[in-house]
Every structure is written in structure tokens, then in C-alpha cells.
Amino acid sequence: MMGGVSTSAEQHPAGAPLTLYLVKRLELVVRALLDDALRPLGLTTLQYTALTVLEASGALSSAQLARRSFLRPQTMHEMVLALEKRGLIARTPKAGNKRVLLAGLTDAGRTLLADCAPAIAEVEHALLADLSPGQRATFREGLQHGVTALGALLRRSQQP
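First, a word on what this report is: a plain description of the structure on this page. Given the structure is predicted, the values throughout are model-derived calculations rather than measurements.

**Some points on the overall build of the chain**
Within the chain, the regular secondary structure consists of 7 helices and 3 strands. Helices and strands appear in the chain in the N-to-C order α-α-α-β-α-α-β-β-α-α. Along the three orthogonal principal directions, the C-alpha set of the chain runs to about 55 × 45 × 25 Å. The buried share of the chain, reckoned over its 160 residues, is 24%.

Following this line, the structure appears as C-alpha cells:
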């Protein structure tokens, strides 16, 4: 290992796909399954993600919501308008800065998220079903470590 960066050979066996490739493939499969599960409820995976971010964080500006949902601000703006039109979120002026609108879940948005829970749980169960409780914990810890490590790298790369 040179300078704190391990080589590809040290990270995975010869001929095995890169970990990043496996993560991307997992993301694509999860996205396809969630799109299929959420379609009958009238949501896309990206819309569901935005609603769950609001559920966890409370009211946010479109820019904050875009960052936390890993979307471009323009894409999020369009999504916020669509979700607001459906009555799933409501926007209110921020105290102290009336030009900033904060999006928050409505009762209809909370109800829809609750309606999504069984379909989401089914996909989660399928992902983890064949793992022991210890393997599940290790898998989740590894994923969280990846999010934290690469999130920090991303933030450093975005600093002026």
C-alpha cells in the first residue's frame, strides 16, 4: 500500500469486479424494483426519496432537499412543483427570509409514505433475507462507511 491508497489488487481478487461496479449494479436493481413497487402508488423512486428526506429532516428549501436527495437543483425544483401540485408537500416562507420557501410533508404525503411502507419493506427483506443478523449488521456498516467516506471526499472536491 503506497501513500495510504491501496491498489486494485489489494482490494479485491483478480478478475473480480470493482466494488464500485457492484454498488452501482445494486443501485440499479434496487431502483428498478422500487420503481415497479411505487408505480401503482403514483410515485417514482426519486419522488419517494425526496418525501422520505422531508419526513426525516422536516421542512427544507428546494436546494437543501436537492443536496440531500442527490439531485440537481433544477430537477428538484420541478419535482417539488409536481409534489406540491399533488398535495403531498406544502411550501411556506422561511421565517426571517420570505424569499426562501420551505417544503414540508402534508398529511396526504405522510399517508402516502405509510402506504408505500409494505412495498419498500418487501424489497428490503429480499435484499437481506439470506443474511444472518451479523451479516446484515456488517453489510449495513459497510454501506454506511462507504457513504460517509465518499461523502467526505465529495465535499472536499466541491470546496473552492
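**With respect to the packing of helix H4 (residues 62–69) against helix H5 (residues 73–85)**
Look at H4 against H5: their axes get within 9 Å of each other, and the N-to-C directions meet at 110°. Taken together, H4 and H5 sit at an angle that is classed as roughly perpendicular. Crossing handedness for the pair H4 and H5: right-handed. In this structure, H4 contributes Ser62, Leu65, Ala66 and Ser69 to the contact, and H5 contributes Pro73, Met76 and Val80. A class-by-class count of the residues in the contact of H4 with H5 yields 5 nonpolar, 2 polar and no charged.

Definitions and limits used
Residues numbered from 1 in each chain as written. Predicted model: local features only at pLDDT ≥ 70, side-chain atom pairs only at ≥ 80, totals over all residues. Heavy atoms only, no water. Helix = DSSP H or I, 4+ residues; strand = E, 2+ residues; numbered from the N terminus. Buried < 20%, exposed > 50% of the residue type's maximum accessible area, 1.4 Å probe, protein only. Axes fitted to C-alpha atoms, helices over the stretch in contact; angles between N-to-C directions. Parallel < 35°, antiparallel > 145°, perpendicular 65-115°, else oblique. Left-handed = near helix turned anticlockwise from the far one by under 90°. Contact = heavy atoms within 4.5 Å. Nonpolar A, V, L, I, M, F, W, Y, C, P; charged D, E, K, R; others polar.

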